[in-house]
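Results of the structural survey
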Amino acid sequence: MSSPDYDAPKRERWYESKRFRRFRRNPLAVAGVLILLFFAGMALLAPALTADRLPRGCMRDLGLGRSEARTALRNPAHPAFWRATFAPPGSCYKIPRVSYSPVPKPPSKKYPLGIASGGYDIYYGIVWGARTSFYIGVLVVGIVLVIATVVGGLAGLFGGWLDNLLMRLVDVVYSIPGLVLAMVFASIFGRGLIKTMIAIALVAWPIYARMLRGNILQVKAQDYISAAHAVGVGNLRLFFKHILPNAIGPMIILASLDIGAIVITASTLAFLGLGADVGYADWGQMISFARSWISNPGGEPLKYWFVWFWPSMAIALFVLGWNLLGDAVRDALDPRS
Amino acid sequence: MKKHLFAVIALAALGVASAATPQDTYVYMQSAVFDSLDPVQAYDGASIGVIENVYETLYSFKRDVPGEYEPTLATSYEVKNDGLTYVYHLRKGVQFHSGNPMTCRDVEYSIERILVTMPGDSGAWFYGDALTGYGNDAMTEAKKALGENASQAEIDKFLDAYWQKIEDSVVCDDLYTVRFNLAGPDVAFFAKMLFTAAGVVDSKWAIANGAWSGTEDDWKDWIGVDLRTGYLHNHASGTGPYVLVKWDDKNIVAKAFDGYWGEKPAIKNVLVQAVEEEATRLEALRRGDADRVDVNDWATVNAKVKQMSGVKVWSDPAWSPAGAHVVFFNFNVQGESNPYIGSGKLDGNGIPRDFFSDINVRKAFAYSLDQDAIYNDIYEGKAAWYTMALPPTWPGYDPDIPIRKLDLDKAEAYFKKAWGGKVWEKGFRVTITHNAGNTVRQAVAEMLKANIESINPKFKIDVVPLQWSDYLKAARAKSLPVWPLGWGADYADPDNFIHPFYHSEGSLAKRQNFKNPEFDKLIEYARTLVRPDQQEERFAIYRKIGRMAYDVIPNVPYPRQSPFIITRDNLQGVYYNSMISGDFYWKDLSKK
Amino acid sequence: MFNYITRRLLQIPVVLFVLSLIIMGLMQLLSPEQRAAAFVTSDKQIENLDLIIEKYHLREGFVVQYKLWAGEVLRGNLGFSRISKEPVLTTIRKRFPASMELALAAFVPIVLVGVWLGTQAATHRDSLLDQLLRVVAIVGWSLPTFVVAIWLVAWIYGGLGWFGIGRLPSSLLIELAGGDFKKYTGLFTIDGLLNGRLDITLEALKRLVLPAAALVIVVSAGIMRVMRSSMLDELGKDYVRTARAKGLAEKTVVYKHARRNALIPVITMAGPMLGRMIGGIVVIELIFNFPGLGEWAAKAALQLDVTTLLAFVMLIGLIMAVANLLVDIAYVVVDPRIRYE
């Protein structure tokens, strides 16, 4: 180990590991990754993909004219390209309205996925909705990790009555189906994307808090920690130097694999009318305003298929991507298989 | 596996069967849910649409003739004492659903029950205004008059006086003559008595079932109560042609009343169902499970309903809804750290609180509203223009007042003039709010935004949908700068629009801090014109107010969808009366 | 065992108490006007906003409001629902059977489909069938309930015109309001049989097919996955090998021996599955116009009717707690090796 022996086995790279190879050979895992790459590409390139149809507010906030936007947002040399890609103003998430007519219009050359009731461009909504979905997933996971770290950390480090109290709180939140509780929280917080995300995070944290607490207890029991404790290393320092760095990795991985479930909850809330505002590029909400055009009694049954088909496919595929990936990762990490 | 397959096929075969409703049954699927069947409490179209067929008022609306009435539980009436006394002669031989005979005692009980309970979230206030002079329930008025720290003795004294007013306001001269003594002249008293809250309730039955006893003994227990918890909330005994059989959650079932004094209705059974999902209502209509359904807008009618066979769309250009939609401007925006006015200064990042007090700003906004797009895009050309905030078919409406249509050149000119040119130079940022879920108001707000922002890049408008709860908060704080709103009629008198919209004490004008002494003076004067021979003068004043409003622009009225009724084509006797909540009475229906 | 059950039962009120504290506590983030949202529903009523705020004590602080609420609850009054316009308990009594009927209609197929497919996948490990079923499971798991429900409404109901929406057709609703039909259980399928009205049972069944199918698609995938892996575990164990060595027929080994043991982990899944089902029912009732508790709660959430929401959460909390307790007990019954102290 210490000597740089020339015929010593090469240190194994992660991509050469057995686990990764197993992962790579799993066709479902590859499919999951491809789906997610597709959506990630769509999300990242959203401004370029929709440069010709940005809403006025978005162009105003980017300081671009209509014709200018068309070229600038597809030209990486232009500063607006980077701004729009990485920090687009909130107004860019508003789906532009082609008209105010309540009747949806089928796909056409200019509007390849059709126009939803109220004149909303479905293509725009799908493309920017991908961004919204990643945004929701990442942010909720972030909030969840913060709550879980605080609660799990406190419970694991201090133990005793505090541990007992916090773990009972975990039980309580856990005792109600997540969607139901999230619905109640979202109702109280009111409409808006951020508020919905907080509502979801508030019901999703317990499992991770419990996990972190378990990890801490495990680590605490190890010899070197007891030793450190004995030499007078403080609780907080211990936590940040030794415990958190070890425990946080798996927690982040597992939590991020939950993004699929989080997006399901978020889109369900949006569908119930507890999500983002009407007109925001959000798939769940797009289905919700497609509702009265789903069936077409008396006429050609699936005449308005495009209003619900695209957003529902987008959600289903997006979640599928995460679940395929998550499944494969869990399989790969599972020591039994 | 085969077994499963068989089950699936059997179930599928089951699924395709469809049924039309029976010949003597009327099924109506509406979009709204019912609030309360207590006539005093009900203040929403869905509930009133049922109540108006179960209870009757002294006079009622004449079928499809707007603005005309016919005697119902009364046979005639007289106005005496310069409009301060109304005497109604009651119809004899009328029976309640319970079998009790209807007399003056019941009328007295019913109207006094309004004055005693006065629920704050009901229409009771306009009866209080007319009869006792108090718009609130007795306890609230006592607190208002005496302050929070009044002694019990003082309060009791106040309440006794209040009760006396209730007692004196409705008097039975004999078993079939009822006299109303008004607290002051009221141009709309007769119209108010047409509203369902004045529906006559079976007093014996109500008292026997635990409602207010009709006496002073327990009246204090009923002050300001929520009548949704009472017996009359979901039980009924009126004199109307239909008997309430059952209210179960989203379904109300009624059957024809055998002892009805008038002509026996052809439809024997009625089911009114609240079905929120439009697609479900349409499917039921197509299959014949419903005889009438609510449809949101003309666009849906044109795109989906017209292609259905066996379905009839009733409409008439002469029909006009009993409501008005306008965009309000706040003349002096209130509220600490108000999020809707940006910086609160005319610096390009906000507006000063009195921004809209400059007529040029209001004119510029009015010229930026694309009324044609509302008329054509949203309503597909099936709408009514509004020149003022009053339904176009009502007396006092002036159709000759011009309407400001989209004209961005004029808008630009006025923006340049506004605030001595500072608006044009610095720009502004303001938030237009609309209540979340109302797509028409959202479209109006977004149109204003799109048009105004195109005039000058320094003009910035944000459109913010408000949840109902946030809207309540803002409305009370008077903190909204610009917002579209709709208003429906309570009672069939133009005063019900002119006062709230244009008087500084009006419930809507108050929220926009609009105060114009000239308007106030005219409206107050019009309220004194109670004699029948003065009505033309009163309506002329309303027309004048309409013309003044064109110049002053306290608000901008915009078009409203013209009414339509969707039924199966075998339903007959359908008509439209904007003052009837269900558009027509069930008793006039029949089937081919 | 008895002590364990008692302790668990005693925990239920505590959980409910904490839940109510959390929800009422969060309400304090709102202003009195915002809390009035469920009480004032039209523009006209804004005129008397102050009156209404006072009448329902919306201006009061947390302690006063909580005391008022809790006092009523302890007296058995869960309050008045602004959504259904009747006392909360009345609504629960009326609507619980509807949701129950839907849950029951979905429950049996969910378990059967999940267990059967899981067994198939495990016994055909790594075959094409297994791969296919894995994909099916993961797709089912990935579909949001409302998407499945909407697809079913659009294709099967809207497109093909099969089955129905709601609980019963309007003609029957009118008839039922007449009162000759006795509601023994509130489940129309069963009441129809008890009243000798086969047509009602059939109509009710017909309208249960699509919503139940949506639940089956969404929920059974989870059971199937657990069943597959636990079945694989069991099949690899010694006793199975012994049984095979004894010359027992493969069918007997799989279905009599292995599957029985493989079912135990599936039972532990019952709690989470029930949770998923309840979440699904909320959405499904809304889409299929099914007047159950879920639809009621979803409407309450939109209007911020806290009385209704609180009651709903309490009820779900109670159901989940009882269900989890039953699962624990069932666990002992199925697997005598397990003991609770």
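A brief look at the structure comes next.

Rules used throughout
- Residues numbered from 1 in each chain as written.
- Chains lettered and ligands numbered in written order.
- Predicted model: local features only at pLDDT ≥ 70, side-chain atom pairs only at ≥ 80, totals over all residues.
- Heavy atoms only, no water.
- Contact = heavy atoms within 4.5 Å.
- Salt bridge = Lys/Arg side-chain N within 4 Å of Asp/Glu carboxyl O.
- Helix = DSSP H or I, 4+ residues; strand = E, 2+ residues; numbered from the N terminus.
- Nonpolar A, V, L, I, M, F, W, Y, C, P; charged D, E, K, R; others polar.
- Buried area = accessible area lost by both parts, 1.4 Å probe.
- Polar contact = N/O pair within 3.5 Å; in protein donor to acceptor, adjacent residues only side chain to side chain.
- Patch = residues over 30% accessible without salt bridge, like charges linked within 9 Å, V, L, I, M, F, W, Y side chains within 5 Å.
- Areas by Shrake-Rupley, 256 points an atom, 1.4 Å probe, with all protein chains shown as cover.
- Pairing = 2+ DSSP bridges.
- Axes fitted to C-alpha atoms, helices over the stretch in contact; angles between N-to-C directions.

Taken together, the contact between chain A and chain C spans 41 residues of the former and 46 residues of the latter. Our count for the chain A to chain C interface comes out at two salt bridges. Broken down by secondary-structure element, the contributors of at least two residues to the side of chain A that touches chain C are α8 (160-174), α9 (178-189), α14 (259-272), α15 (283-288) and α16 (305-333) of chain A. With 11 residues, the single largest contributor to the side of chain A that touches chain C is α16(A). Among the residues making up the side of chain A that touches chain C, the classes are represented as 28 nonpolar, nine polar and four charged.

For the rest of this paragraph, the subject is the interface of chain C and chain B. Residue-level contacts link 48 residues of chain C with 59 residues of chain B. Roughly 4800 Å² of surface becomes buried between chain C and chain B when both sides are summed, with 54% attributable to carbon and sulfur atoms. Where chain C meets chain B, there are nine salt bridges. D35(B) serves as the salt-bridge partner of K85(C), at 3.0 Å between the closest nitrogen and oxygen. Counting across the chain C and chain B interface gives 14 residue pairs in polar contact (both at pLDDT 80 or more). Put simply, the parts of the chain that give the side of chain C that touches chain B at least two residues each are α2 (32-35), α3 (49-55), α5 (88-123), α8 (170-178), α10 (198-235) and α14 (293-303) of chain C. Ranked by residues supplied to the side of chain C that touches chain B, first place goes to α3(C) with six residues. In terms of residue class, the side of chain C that touches chain B is made up of 22 nonpolar, 10 polar and 16 charged.

Here the focus is a nonpolar patch on the surface. The grouping of L44(A), L45(A), L49(A), W82(A) and F86(A) at the surface amounts to a nonpolar patch, some 490 Å² of accessible area in total. Position of L44(A) relative to the elements: it lies in helix α2 (residues 27-44).

Here the focus is the sheet that holds strand β7 (residues 177-181) of chain B. All names here are of chain B. Taken together, four strands build an open sheet; the order of strands is β4-β5-β7-β6 and the sheet is antiparallel. Of all the strands in the sheet, the pair left with one neighbour each is β4 (74-80) and β6 (170-174). Here the average twist between neighbouring strands, direction ignored, is 20 degrees. Note: β4 against strand β5 (residues 85-90), six bridges, orientation antiparallel.

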